Structures are given as C-alpha cells and as structure tokens.
Amino acid sequence: MNAHLGLDRAERSGAIDKINQKLTNLDGPIILTGDLNAVPSEPVYRQWNDKLTKNNKGIPIQTYKNQNWQIDYIFHSSDFIVNEVNVIESDASDHFAVSALLYLESSPVYTDAKAQSKELK
C-alpha cells in the first residue's frame, strides 16, 4: 500500500482510519509506504502497532529537508526482516526518500537475515 496524507490533522486522521480498516481485512505480508505528513509521536499511528512496525524500529530519521522531522515512512508486517534502511537526500523535493531492504519470511535469505539481525542487537 502507498499513501500520501494531507496536512490537515482531521483529514489525516480520517485517512488513517480508512487505511486501518483496509489493514484489518488484509491477510499476509503487508508493506505500507508513504508521505504521512506527521511525526512519529502522533498517536494515530499507534493503532497499527498490532499489525505493522516501522522499518527503522521507531527511531526517527530525517525525511523532511527543512526540519529534523520524519514524515515519510515504510511500515511492514512481521513477515519481514529489515536488513537496512537509508534516507536518500535530494534537491528534487523538500522530502527525502526512504528506502529499505526487507526480506520476506518465505524467501531463502530470510533465515540468514534474521540471524544477522539478532547478532546486531
């Protein structure tokens, strides 16, 4: 899934409710990406905690050029292991792109990635 949410808090909250309804009806691996125009401390994202996690494990990263804010995200279900997360700075936008290398549980490299992930902790 991909989303670009508005700047208005009420509008954003309504959109997040609709996304949450869709998430509730999905079964299987999920990746949700997008410009959510809100920092990680906003409580609206906590409703996803039982279904999704942030690829950067909740540690804020700067994705907005003009402030030290994270407003762009990659969320994923527990079917994935995160191998790496990068922010790609560019003058093309006031947002920086977020990229992540995720391994799907059913992939042959998942077991190795999971072992490496535990070693890094």
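Computed from a predicted model, the values in this text were never measured in an experiment.

Undergrad: What should I look at first to understand the environment of Ile 30 in this one?
TA: Counting through the fold element by element, Ile 30 comes out in the loop between helix 1 (9-25) and strand 2 (31-35). Of the residues examined, Ile 30 reaches a relative accessible area of 5% and is grouped as buried. Separated by 82 residues in sequence, Ile 30 and Asp 112 place their C-alpha atoms 21 Å apart.

Undergrad: Please explain the sheet that holds strand 2 as it appears in this structure.
TA: Paired through their backbone hydrogen bonds, the strands of a sheet run either parallel or antiparallel. With respect to topology, four strands assemble into an open sheet ordered 1-2-4-3, the strand pairing being mixed. Edge positions in the sheet fall to strand 1 (2-4) and strand 3 (53-54), since each of these pairs with one other strand and no more. Where strand 1 lies against strand 2, three bridges are found, and the strand directions are parallel. Within strand 2, the position partnered with Asn 2 by the bridge is Thr 33.

Undergrad: Would you mind going over the nonpolar core with me for this structure?
TA: For soluble globular proteins, nonpolar side chains are generally found buried alongside one another. Within the largest apolar cluster, 14 residues are counted, with the highest numbers of intra-cluster contacts made by Ile 19, Leu 36, Tyr 45, Trp 48, Leu 52 and Phe 75. Listing elements by their share of this core, those giving two or more residues are helix 1 and strand 4 (72-76). At three residues, the largest contribution of residues to this core is made by helix 1. If near-sequence neighbours (up to four positions away) are discounted, Trp 48 is found in contact with Ile 16, Ile 19, Asn 20, Leu 23, Leu 32, Leu 36 and Phe 75. Formed by six residues, the second largest nonpolar core is a distinct cluster that contains Ile 74, Phe 80, Val 82 and Leu 102.

Undergrad: Would you explain the pairing of strand 2 in this entry?
TA: Remember that side chains alternate between the two faces of the sheet whenever the strand is regular. In terms of handedness, the path from strand 1 via helix 1 over to strand 2 forms a crossover that is right-handed. Both strand 2 and strand 4 contribute to a ladder of five bridges, which runs antiparallel. By the bridge assignment for strand 4, Leu 32 is matched with Phe 75.

Undergrad: Is there a simple way to explain the pattern of salt bridges in this structure?
TA: Close approach of charged atoms allows side chains with opposite charge to pair. Evaluated as defined, the whole model comprises two salt bridges. Between Glu 42 and Arg 12 there is a salt bridge, and its shortest N-O distance comes to 3.1 Å. In this pair, Glu 42 is assigned in the loop between strand 2 and strand 3 and Arg 12 in helix 1, connecting sequence segments 30 residues apart. The class for Glu 42 is buried, based on a relative accessible area of 10%. Of the charged contacts, one joins Asp 91 and Lys 65 as a salt bridge, the two residues approaching to 3.2 Å between their closest N and O atoms. One end of the pair, Asp 91, is in the loop between strand 5 (80-88) and strand 6 (97-104); the other, Lys 65, is in the loop between strand 3 and strand 4, with 26 residues separating them in the sequence. Under the relative-accessibility criterion, Lys 65 is labelled partly exposed at 30%.

Undergrad: Just checking my understanding: could you explain unusual backbone geometry for this structure?
TA: What you tend to see is this: most non-glycine residues have negative phi, and most peptide bonds are trans. Of note, Asn 37 is a non-glycine position whose phi angle comes to about 50°, a positive value. Among the secondary structure elements, Asn 37 is positioned in the loop between strand 2 and strand 3.

Undergrad: What's the story with the packing of aromatic side chains in this structure? I'm lost.
TA: Aromatic rings in a pair are described by how distant their centres are and how their planes are angled relative to each other. Following the criterion strictly, the structure yields two aromatic pairs and no others. Ring geometry for Tyr 64 versus Trp 69: centroids 5.3 Å apart, planes at 10°, classification stacked. For Trp 69, a relative accessible area of 38% translates into the label partly exposed.

Criteria and cut-off values
- Residues numbered from 1 in each chain as written.
- Predicted model: local features only at pLDDT ≥ 70, side-chain atom pairs only at ≥ 80, totals over all residues.
- Heavy atoms only, no water.
- Helix = DSSP H or I, 4+ residues; strand = E, 2+ residues; numbered from the N terminus.
- Buried < 20%, exposed > 50% of the residue type's maximum accessible area, 1.4 Å probe, protein only.
- Pairing = 2+ DSSP bridges.
- Core = buried A, V, L, I, M, F, W, Y, C linked by side-chain atoms within 4.5 Å.
- Contact = heavy atoms within 4.5 Å.
- Right-handed = clockwise from strand over helix to strand, strands pointing away.
- Salt bridge = Lys/Arg side-chain N within 4 Å of Asp/Glu carboxyl O.
- Phe/Tyr/Trp six-rings, centres within 6.5 Å; stacked < 30°, edge-to-face > 60°.

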